[in-house]
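Observations on the three-dimensional arrangement
Single-letter residue listing:
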Amino acid sequence: MSWRRRATGAATAMLLAGAFLAGGTAPAAGVSDQTASFSHLTVQGVPCSSTPVFVNAPAPDTSLYTGLVVEGAVNAAGGAQASTQLIRPDGGIIHTSRVGIGPDGEFRAFVDPRETDETVAYTIRVTTTMVGGGAGPTADCQIFVRSGPQTFPAVHPLLGAEAVYLLGSTAPRGGPGIAGAFVARSDEPGVVGFEYQMAPADAAFPEWTRVDGNPGVIPVLPETSGNYTVYVRAVDVDGLVGHRTGRQFGVAAPGEARPAAPSATVRDATDTDLSDGLTPASVVFSSDLRVSYGTIDLFRGETPIGTVHGDGRLVSSGFPITIDAGVLGQGIAEVRAEYRAFDGAPVVESVHHVCADSCEFASANARISGSAVPGAVLGAAMDTVPVEAAHGYQWFRDGVVIPGQTSSTYVVQLDDAEHEISVTVTGSRPRFTDVVDSASVVIPAPPAGHSLTIAYEEVDTDLHSRNGATLGVVGQSRPLHGFAVRLTNENAEGEVSATVPDAIVGDLHVSGAGWGGLRRGEDLGTSVGTSRIEAVQLELSGPMAERWDLYYRVHSQKLGWLGWAKNGATAGTTGYRLQVEALEVRLVAKGGTTPSGTLLAASYDPATSRNKVLTSAHVQTFGWMDPVQGGEIAGTTGLAKRVEALLFSTFVGSAGIEAQAHVQTYGWMPWASQGIPVGTTGEAKRVEAFRIRLTGDLAQQYDVYYRTHAQSFGWLGWAKNGAPSGTAGFAYRLEAVQVLLVPKGGPAPSGTGPAYYQR
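Note that the coordinates shown come from a computational prediction; the quantities given were computed from them, not determined experimentally.

**Remarks on the overall build of the protein chain**
The helix and strand inventory of the protein chain stands at five helices and 61 strands. Across its three principal directions, the C-alpha atoms of the protein chain cover 100 × 75 × 45 Å. Out of the 759 residues belonging to the protein chain, those deemed buried represent 49%. As presented, the protein chain carries roughly 33,200 Å² of accessible surface, and 50% of it is formed by carbon and sulfur atoms. Of the charged side chains in the protein chain, 52 are positive and 73 negative; the average position of the first set lies 10 Å away from that of the second.

**Points about the pattern of salt bridges**
Side chains that differ in charge, positive against negative, can pair when their charged atoms come close. Tallied over the full model, the rule gives 28 salt bridges. For the salt bridge of R478 with E458, the shortest nitrogen-to-oxygen distance reads 2.9 Å. You can see R478 sitting in the loop between β34 (471-472) and β35 (483-490) and its partner E458 sitting in strand β32 (residues 451-458), a full 20 residues away along the chain. For R478, a relative accessible area of 22% puts it in the partly exposed group. Salt-bridge contacts for E584 lead to R553; the nearest nitrogen and oxygen are separated by 3.0 Å. Here R553 lies in strand β41 (residues 548-556) and E584 lies in strand β45 (residues 580-589), a separation of 31 residues in the sequence. By the burial criterion, E584 is buried, and R553 matches it. Salt bridges sharing common partners tie together D297, E302, R336, E338, R340 and E349.

**Brief notes about the sheet that holds strand β7 (residues 106-111)**
As summarised here, the arrangement of the four strands in space is β2-β1-β4-β7, forming an open sheet in which the pairing is antiparallel. The open sheet is flanked by β2 (46-47) and β7, the only strands paired with a single partner. Pairing of strand β1 (residues 38-43) with strand β4 (residues 68-74) involves five bridges; the strand directions are antiparallel. Note that in β4 the partner of F38 across the bridge is V74.

**Side note on the side chain of R185**
By the secondary structure assignment, R185 is in strand β12 (residues 180-185). Buried charge R185 goes without a salt bridge, the closest partner of opposite sign being D187 at 4.1 Å. A distance of 3.3 Å separates a polar atom in the side chain of R185 from a polar atom in the side chain of H156. Beyond its immediate sequence surroundings of up to four residues, R185 is in contact with P153, A154, H156, F194, N214, P215 and Y293.

**A few points about the sheet that holds strand β29 (residues 409-411)**
With respect to topology, three strands assemble into an open sheet ordered β25-β26-β29, the strand pairing being antiparallel. The open sheet has two edge strands with one neighbour each: β25 (363-369) and β29. Direction aside, the axes of adjacent strands within the sheet are offset by 15° on average. Of the pairings in the sheet, the one linking β25 to strand β26 (residues 377-385) comprises seven bridges and is antiparallel in character.

**Focus: the nonpolar core**
Counting 64 residues, the largest nonpolar core has I454, F483, L550, F648 and I692 as the members making the most contacts within it. The residues contacting I454, other than those within four sequence positions of it, are S465, R466, N467, V485, R486, L487, I504, L550, V585 and L587. By size, the runner-up hydrophobic cluster in this structure holds 30 residues, among which are V308, V315, L328 and V348.

**Comments concerning the state of the cysteines**
For the structure shown, the criterion picks out two disulfides. Here C48 is linked by a disulfide to C141, with a sulfur-sulfur distance of 2.1 Å. Linking C48 and C141, the disulfide has an S-S dihedral of approximately 110° and is accordingly described as right-handed. Highlighted residues: C48 in the loop between β2 and β3 (53-56) and C141 in strand β9 (residues 135-146), separated in sequence by 93 residues. Of the two residues, C48 and C141, both sit in the buried class. With a sulfur-sulfur separation of 2.1 Å, C355 is cross-linked through a disulfide to C359. On the sign convention where negative is left-handed, the bridge of C355 and C359, at about 100° about the S-S bond, is right-handed.

**A look at unusual backbone geometry**
A cis amide bond, omega 10°, links N214 with the succeeding residue P215. Following V385, the chain continues into P386 via a peptide bond in cis, with omega recorded as 15°. Looking at the secondary structure, you find P386 in the loop between β26 and β27 (390-397). Even without being glycine, D202 reaches a positive phi, approximately 70°. The topology assignment puts D202 in the loop between β13 (191-200) and β14 (209-212).

**Let's talk about the packing of aromatic side chains**
Summed over the entire model, instances satisfying the criterion amount to 17 aromatic pairs. On the basis of an interplanar angle of 65° and a centroid distance of 5.8 Å, the ring pair of F713 and Y732 is categorised as edge-to-face. Here F713 is found in the loop between β56 (702-710) and β57 (714-715), whereas its partner Y732 is found in the loop between β59 (725-728) and β60 (734-743), with 19 residues between them in sequence. With relative accessibility at 32%, the residue F713 sits in the partly exposed group. Pairwise contacts between aromatic rings join Y165, F182, Y228 and F249 into one cluster. Against the face of Y231 rests R244, its NZ or CZ located 4.0 Å from the ring centre. Lying across the ring of W715, R707 places its NZ or CZ 4.6 Å from the centre.

**With respect to the environment of Q700**
Locating Q700 in the fold gives a position in helix α5 (residues 696-701). Overall, Q700 belongs to the partly exposed group, its relative accessible area being 36%. A C-alpha to C-alpha distance of 6.4 Å links Q700 and L599, two positions 101 residues apart in sequence. Apart from residues lying up to four places away in sequence, Q700 is in contact with L599, L600 and K744.

**Details of the pairing of strand β15 (residues 216-220)**
Burial of the side chains of β15 is restricted to one face: G216, I218 and V220 are buried, whereas none of V217 and P219 on the reverse face is. Inspection of the sheet shows β12 paired to β15 by five bridges, in the antiparallel sense. Residue F182 lies in a different strand from β15, and its bridge partner there is I218.

**Details of the environment of Q758**
Residue position: Q758 is located in strand β61 (residues 756-758). Q758 sits in the exposed class, given a relative accessible area of 58%. Linking Q758 and G168, residues 590 residues apart in sequence, is a C-alpha distance of 55 Å.

About the cut-offs
Residues numbered from 1 in each chain as written. Predicted model: local features only at pLDDT ≥ 70, side-chain atom pairs only at ≥ 80, totals over all residues. Heavy atoms only, no water. Helix = DSSP H or I, 4+ residues; strand = E, 2+ residues; numbered from the N terminus. Buried < 20%, exposed > 50% of the residue type's maximum accessible area, 1.4 Å probe, protein only. Areas by Shrake-Rupley, 256 points an atom, 1.4 Å probe, with all protein chains shown as cover. Lys, Arg positive; Asp, Glu negative; His and termini not counted. Charge placed at Lys NZ, Arg CZ, Asp CG, Glu CD. Salt bridge = Lys/Arg side-chain N within 4 Å of Asp/Glu carboxyl O. Pairing = 2+ DSSP bridges. Polar contact = N/O pair within 3.5 Å; in protein donor to acceptor, adjacent residues only side chain to side chain. Contact = heavy atoms within 4.5 Å. Axes fitted to C-alpha atoms, helices over the stretch in contact; angles between N-to-C directions. Core = buried A, V, L, I, M, F, W, Y, C linked by side-chain atoms within 4.5 Å. Disulfide = S-S within 2.5 Å. Phe/Tyr/Trp six-rings, centres within 6.5 Å; stacked < 30°, edge-to-face > 60°. Lys NZ or Arg CZ within 6 Å of the ring centre and 35° of its normal.

See the structure below:
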């Protein structure tokens, strides 16, 4: 939005006077003839008058922004339409809204004020047209548009609280009854406090709670474990609120809390000038903050040696600082860091070590961990005393460098069998002498004919498959029960020489319970029981994910084989109660070709389907109504109002939606592409029937269902994929519609009966 801050005090008074001087006396609400007038006219509930008035713009904290509400009534019968314009002082029109006038003479319009300036007076001009085309009353109102704060508040966890709850992550922290806090702040002038809402996932949000101050402290005292959401918005000196920002955080169950990150880290830095008597270092704010915020003071004993102020940059970048080498002394010096979020906030201390001059590691010990079999992952590490070091790695086979293998892990290859695999680890730290150590392991020979294999099996049955073969029974409506999937080294007969531990993780979406949480592939089937599996997520973990892609697909009840999912994406359906009947899993070299399959999507869920289509209805009296998502009602029922036009749109890549309307007088009008209305506006003609068809990828993956609420009939049955819905030949108005997507070949929505009547 481009609103600017308001003028106050004497400046505001001058603006009020100037509004009249610039354009003469502002016209009062009045009539254009002697037969009709406005019985009332308001903007945001404020009556129009000959004196400019302040109106408050609505809080911009919802995804559907409506704008300023202009309401009025004509005190004579026969009003047809009201046109409402928001006009600049130079006569330029910012926004126009046209709505119908009801039988009672009342109308309600919306105008968008987001291009206004709070220091300028604007005109709201309402022009009415009577039935038959004659002019009705006209009125002008001058307004100043006041708006709340325009920037999103920044919100951070308060370090030093009993628990540090991590915003933007569901990592479990704290626990029920364990207090924490968030800090909200805004750099926008005039912000004096904040409002917040907080609730567990799927729970209703309470009313907004106000905290004063900028920064403001938002208390957190969870009653239950699980995921929570908090919304925060700024409040200005006039009590107007701004944009809300929303974040998730996780509350741990007893005994499951993860530790908070250090409040600060002090690192040695390379010294490019050894003669200046200064020791460079880098100060890093806690990763729990995500961005640097607050102040870190450094001390050697009780002597202050430096201060760093957070400026909003990502905490990973760090802040350079120089310390008087004379204060540090010789060798490794102990430095204390004190962090505070703002003046008066809790102080969080941490101790660090900085090398003042040339330092040596007292000892270094390299080691290799992991199973020494093909397919397994070896890990290298090195312990250094007295301080940690940054590590560099190089892996060798029989003393010869293995090209490209310079990370801390190495995946054992089949051709490594009977060879020595070693690693050299180099520890380094600014102003320290590098230290080097090595470790090695001999890879034993695997049994003949064994290779890396994806193996999967159904729990408690003798069904098992490997390397892309089908697990389950197709064509018998038999659900696939819990299964396990693992990465092994085995031969064609299934004889396993090694299993790569924890190489695959996954999650199952189960009927009645939803997603169960990420688990090892070997344990996926342990908690399913007799429940139906509806969707699957699988992915490789650790270094295996760097070398391989994991593809998988499911055979879903009524839909058949869906498309291939990959590396943690969903395969299957959620929300449709369709069971998984079979599974295929394949291991493909990183960046390799996707396995061949169907044109269906890999997964379907109602929420995603709803978001793919928006429907808007132009309704008698009301004009264009707010768009609704798939499955929701567009139009009205019980008001005897005709729909005069419909508008459909999608948000899906190379996909589209086309529509056609049967209109009073005209009959079936031409097909229109998405984003183009079907029907008429301004002609008072009813839509009687319509039909929709999908194009592109959407048509290959979904069926579109739609139905009509028709005069005298009420809700008709569902039509599908281009079939007509509504009436023709009855002169009945279409009053409302519903549109939704269903996975291709999936079950139709509930509600039966003819979708279309014609005579």
